[in-house]
Amino acid sequence: MVDKRMTEDEVVAELKDGMTIGIGGWGSRRKPMSLVRAMLRSDLKDLTVVAYGGPDIGLLCAAGKLRRAVYGFVSLDSIPLEPHFRQARQSGAIEFTELDEGAFYLGLLAAAHRVPFYPTRAGLGSDMLTMNPELRTVTSPYDDGEELVAIPAFKLDAALIHMNRADAAGNGQFLGPDLYFDDLFAMAADKTYLSTEKIVPTENLLDEGPVHTLRIQRIFTDGVVEAPQGAHFTECPPDYGRDEAFQREYAATARDPEAWEAFRSTYLESPSHAEYLKALEARS
Amino acid sequence: MSNSEQVTAEATIDEICVMACAEAFRGDGEILCNPIGTVPIVGGRLARATFEPDLVYTDTVSVLPANDFPVGDPDAPKVVESWVPYRTVFDIVWSGKRHVMMGASQIDQWGNQNIAAIGDFRQPKAQLLGLRGAPGNLINHPTSYWVPNHSTRSFVASVDVVSGPGYDRMREIGSPGNRYHEVRRVVSNLGVFDFQTDDNRMRIASLHPGVTVEQVVEATAFELAGTDDAAETRLPTDEELYLIREVLDPGGARKAEFR
C-alpha cells in the first residue's frame with residue numbers, strides 16, 4: 001500500500017488561493033487544528049471554508065484568510081457562538097452561506113454522491129431561502145407534486161479531517177462517540193488530507209476499536225499527517241477532552257486586540273506542530 | 001413516590017416553568033423528546049419520569065439514556081438504550097418522530113422564531129446563534145419554545161430573521177408542504193401560550209400563579225388572544241417537586257435561567 005505520510009506544511013503547500021476547503025469535526029470537537037494552524041501561517045488567502053464550524057472558522061476569520069464561510073453553525077459548544085466569527089459577521093468582513101444544520105449534511109452528501117442536489121423540506125417558510133437567494137426549489141416528479149428545497153452539492157477542492165488513529169495508507173478510525181460527517185467530507189473533496197493522533201500499522205487498526213470504527217477508507221485520502229494532540233484545544237475523545245481553559249483564553253482574544261496579538265505570537269507563529277506542543281507545555 | 005413527604009417549600013417560578021415545559025410533551029408517546037436549555041431539559045426528563053414514560057431522551061452528546069439522571073453532571077450513570085450520532089438525529093428530524101423545545105430570542109404572534117441575528121442578517125447588529133436546526137425542525141415535526149424573559153423585546157410584532165417559521169409563513173407554503181408543521185406551545189416566565197385559535201394566532205393558554213392578564217399584555221408587543229378566560233398554570237404535585245429538586249436537578253441549575 002502506498003505510504004501517504006506528509007507534514008502539515010506539505011499539506012498546505014498543496015492548497016491554493018481561492019480554493020474551497022472542507023473541514024471535518026463539529027463545533028469545538030475533533031477539528032484538525034494542526035492543519036488549520038499551518039494554514040494560518042501560510043500565505044493562503046481568499047479561501048471558502050465549508051464546515052460545521054468551530055475555532056477553525058473563527059481563527060481563519062481572525063487571520064483574514066476567508067472570503068466566504070459555508071456553515072450549519074459556528075460554535076465552540078461550551079461557548080455557544082464563536083466570538084471571532086461573531087465579529088467577522090457583525091463587521092461584514094466575510095461573505096457567508098448559512099444553512100439549516102441538517103440541510104448542510106445534504107450538501108455534503110450530494111457532493112459525495114456526485115449528484116447536483118438533494119431535496120429536503122428544511123428551509124421552506126424560513127429565511128434560509130431569503131438569506132441564500134441562489135438556493136432553488138424543485139418539484140417532485142411524482143403524483144404528490146410537492147415542492148422541496150434543492151440543497152446544492154458542496155464541491156470541495158480539498159478536505160481536512162482529524163482521526164483518532166490511521167495507517168500510513170490513509171485508512172482512518174474514529175474512537176469517540178460520533179464520526180460527525182468526516183466520511184462525507186473525504187468523499188466530497190478532490191483531495192483529502194487526514195491528520196491523526198497516531199499512525200499505526202494496518203494490522204493493528206482493530207486493536208483499539210471494533211471494525212465499524214474504520215469509517216475512512218484510503219481510496220478517499222491523499223495524505224496522512226501524524227499529529228498527537230492535533231485537535232487541541234478542541235476535544236478528541238477518548239484521547240483527550242476539550243481544553244476549556246485554553247478555549248476561554250482564545251475566546252477572550254476576540255474582545256481585545258492586544259490579547260489577540262499575544263495569543264497569535266505565542267501559539268500561532270509556532271513553525272510546526274511540535275513547537276506548538278512545546279508552547280503548550282510552557283503554559284502549564 | 002414515597003419520598004414526597006420530603007417536599008416542604010411551595011413551588012417556585014423555575015419549578016412551575018419546568019412543569020409547564022414537561023406538559024408540552026404530554027401525549028407525545030414513543031418519540032424523541034429533544035428539549036434545549038436547562039429548564040426545558042429538566043421538563044422533558046420530568047415528563048418521561050411521570051406521565052410520558054415511552055419518550056426517548058437524548059443526552060445531547062450521542063446516546064439515548066433510558067434512566068432518569070440529573071442535569072449538569074457529565075459523570076452521572078447512564079443506562080444506554082441506543083446510539084444517536086448527529087447524522088442519526090437529522091434522520092430522526094426528517095422521520096418526524098421528534099418534538100423539540102428550542103429557545104427564541106424573538107417570537108411573534110404567528111410563532112415565527114428568531115435565534116439567528118438582530119438587525120439585517122447581511123451585516124447584523126448582533127449575530128446570534130444562527131438558523132441552527134430551526135428551519136428543518138419546524139417543517140418536519142412539532143416544536144415548542146421556552147422564553148425565560150417575557151418582554152416586548154422577546155414577544156415582538158415582527159422578528160428580524162425567521163429561523164423557525166410560524167403559521168403565517170406556513171399558510172403561504174400551503175398543502176402538502178405544511179402538513180408536518182406544528183408550533184405546540186410557548187412557555188415563558190409569565191405563562192403558557194399556544195396557537196389554538198381560528199387563524200392560529202398566539203393565545204394565552206394559562207398564566208403562572210400571581211401573573212395578571214394586564215402584566216402579560218404589557219410585556220407583549222402584539223395582540224394576544226385568550227385574554228378573557230385565562231386559566232392558571234397547574235402547579236407541580238409533591239411527587240413532581242421531589243423529582244425536580246432531588247433527582248433531575250439537585251444542583252438547582254434551572255434557576256440560572258431566571259437571573
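Going by the structure above, here's the rest.
Everything numeric in this text was worked out from a predicted model, so none of it was measured.

Things to note about the pattern of salt bridges
For step 1, the next point in the chain: All chains considered together, the criterion is met by 41 salt bridges over all chains.
For step 2, the next point in the chain: In this structure, the salt-bridge partner of Arg 30 of chain A is Asp 182 of chain A, at a minimum N-O distance of 2.8 Å. Residue Arg 30 of chain A is located in the loop between strand 1 (20-23) and helix 2 (33-40), and its partner Asp 182 of chain A is located in helix 7 (residues 182-188); the two are separated by 152 residues in the primary sequence. Across this residue pair, the class does not change: Arg 30 of chain A and Asp 182 of chain A are buried.
For step 3, the next point in the chain: The salt bridge involving Asp 14 of chain B is made with Lys 255 of chain B; its shortest N-O contact spans 3.3 Å. Here Asp 14 of chain B is found in helix 1 (residues 13-24), whereas its partner Lys 255 of chain B is found in the segment after helix 7 (238-248), with 241 residues between them in sequence.

Focus on the packing of helix 5 (residues 101-113) of chain A against helix 3 (residues 86-95) of chain B
For step 1, the next point in the chain: The interhelical angle for the contact between helix 5 of chain A and helix 3 of chain B, taken along N-to-C directions, is 110°, at an axis separation of 10 Å. Compared by their axis directions, helix 5 of chain A and helix 3 of chain B come out roughly perpendicular. Between helix 5 of chain A and helix 3 of chain B the crossing geometry is left-handed. Side by side, helix 5 of chain A and helix 3 of chain B meet where Glu 101, Gly 102, Ala 103, Tyr 105 and Leu 106 of chain A of the first sit next to Arg 87, Phe 90, Asp 91 and Trp 94 of chain B of the second.
For step 2, the next point in the chain: A breakdown of the residues in the contact of helix 5 of chain A with helix 3 of chain B according to their chemical character gives 5 nonpolar, 1 polar and 3 charged.

Quick word on helix 4 (residues 83-91) of chain A
For step 1, the next point in the chain: Within helix 4 of chain A, the full set of buried residues consists of Pro 83, His 84, Phe 85, Ala 88 and Arg 89 of chain A.
For step 2, the next point in the chain: Lining the buried residues of helix 4 of chain A we find helix 3 (55-62), strand 3 (66-74), strand 4 (95-98), helix 8 (244-252) and helix 9 (257-268) of chain A together with strand 9 (126-127) of chain B.
For step 3, the next point in the chain: The backbone nitrogen of His 84 of chain A has a side-chain oxygen 2.8 Å away, supplied by the residue at the start of helix 4 of chain A, namely Glu 82 of chain A.
For step 4, the next point in the chain: Taken from the residues just after helix 4 of chain A, Gly 92 of chain A is the one with a positive phi, measuring 70°.

About the criteria used
- Residues numbered from 1 in each chain as written.
- Chains lettered and ligands numbered in written order.
- Predicted model: local features only at pLDDT ≥ 70, side-chain atom pairs only at ≥ 80, totals over all residues.
- Heavy atoms only, no water.
- Salt bridge = Lys/Arg side-chain N within 4 Å of Asp/Glu carboxyl O.
- Helix = DSSP H or I, 4+ residues; strand = E, 2+ residues; numbered from the N terminus.
- Buried < 20%, exposed > 50% of the residue type's maximum accessible area, 1.4 Å probe, protein only.
- Axes fitted to C-alpha atoms, helices over the stretch in contact; angles between N-to-C directions.
- Parallel < 35°, antiparallel > 145°, perpendicular 65-115°, else oblique.
- Left-handed = near helix turned anticlockwise from the far one by under 90°.
- Contact = heavy atoms within 4.5 Å.
- Nonpolar A, V, L, I, M, F, W, Y, C, P; charged D, E, K, R; others polar.
- Polar contact = N/O pair within 3.5 Å; in protein donor to acceptor, adjacent residues only side chain to side chain.

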